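Coordinates in review
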Amino acid sequence: MATSLVRSGFLRSALRGGPRGSQVPKRNFASSGHHDDAYETAKWEKITYLGIASCTILAIYNLSKGHPHTEEPPAYPYLHIRNKEFPWGPDGLFETKHH
């Protein structure tokens, strides 16, 4: 157990780059005080409203163009369209008409 404590102490000091009492420089992340939170919030709020407006305009433009109307497709034989009545009638197999 003592060996593992000494080993972990050596590893810690090796990772810190010096003896045990040396100061490790504090890491500064991108969001650590360089910009004000209110500034960032206002910036992303403006970006959001601009995105909503541009998507709305694009949708109105695309929907107002219409779409081309094509002719009826030819009757392909592999669609197996049934043109005659079913043997059980038009009401359905398990349905009964209530008069």
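Each value, and the rule that gives it
- Within any chain, residue numbers begin from 1 and follow the written order of that chain's sequence.
- Only residues with pLDDT of 70 or above have their local features reported here, since the model is predicted, and side-chain atom pairs are shown and tallied only from 80 upward, although totals for entire chains, interfaces and linings are computed over all residues.
- Calculated side-chain values reflect all of the structure's heavy atoms, with hydrogen atoms and water omitted.
- UniProt positions are given in the numbering used here, feature names are shortened, and annotations may be inferred rather than shown by experiment.
- Working definition: helices are DSSP H or I runs of at least four residues, strands are E runs of at least two. Numbering for both runs from the N terminus.
- Exposure classes here rest on a 1.4 Å probe applied to the protein chains alone. A residue is buried below 20% of its type maximum, exposed above 50%, and partly exposed in between.
- For accessible areas, the Shrake-Rupley method is used with a probe of radius 1.4 Å. Any residue's cover is judged against the shown protein chains and nothing else.
- By definition, a salt bridge exists where a carboxyl oxygen of Asp or Glu is found within 4 Å of a side-chain nitrogen of Lys or Arg.
- Like charges within 9 Å and nonpolar side chains (Val, Leu, Ile, Met, Phe, Trp, Tyr) within 5 Å are joined into patches, using only residues over 30% in relative accessible area that form no salt bridge.
- Take the number of residues in a helix, subtract one, and multiply by 1.5 Å to get its expected span.

Per an unreviewed UniProt entry, the protein chain goes by the name Cytochrome c oxidase subunit 6a, mitochondrial and belongs to Canavalia gladiata. In the Sequence similarities (unreviewed entry) part of its UniProt record, the protein chain is described as follows: "Belongs to the cytochrome c oxidase subunit 6A family."

Before going further, it helps to examine the overall build of the protein chain. Along its length, the protein chain carries 2 helices and 0 strands. Relative to its 99 residues, the protein chain shows a buried fraction of 3%. Here the protein chain has roughly 10200 Å² of accessible surface; of this, 62% comes from carbon and sulfur atoms.

Applying the stated criterion across every chain yields a total of 1 salt bridge. Here Lys43 and Glu40 are joined by a salt bridge, their closest N and O atoms 3.4 Å apart. In this pair, Lys43 and Glu40 are both assigned in helix H2 (residues 37-64), 3 residues apart and thus about one turn of the helix distant. Lys43 gets classed as partly exposed once you look at its relative accessible area, which sits at 31%.

Moving on to a nonpolar patch on the surface. Together, Tyr76, Tyr78, Leu79 and Ile81 make up a nonpolar patch on the protein surface, roughly 460 Å² of accessible area in all. Its place among the elements puts Ile81 in the segment after H2.

Our focus in this paragraph is H2. Counted at 1.5 Å a residue, the expected span for H2 with its 28 residues is 40 Å, and the 41 Å between its end C-alpha atoms agrees. At the C-terminal side of H2, Gly66 shows a positive phi close to 80°.

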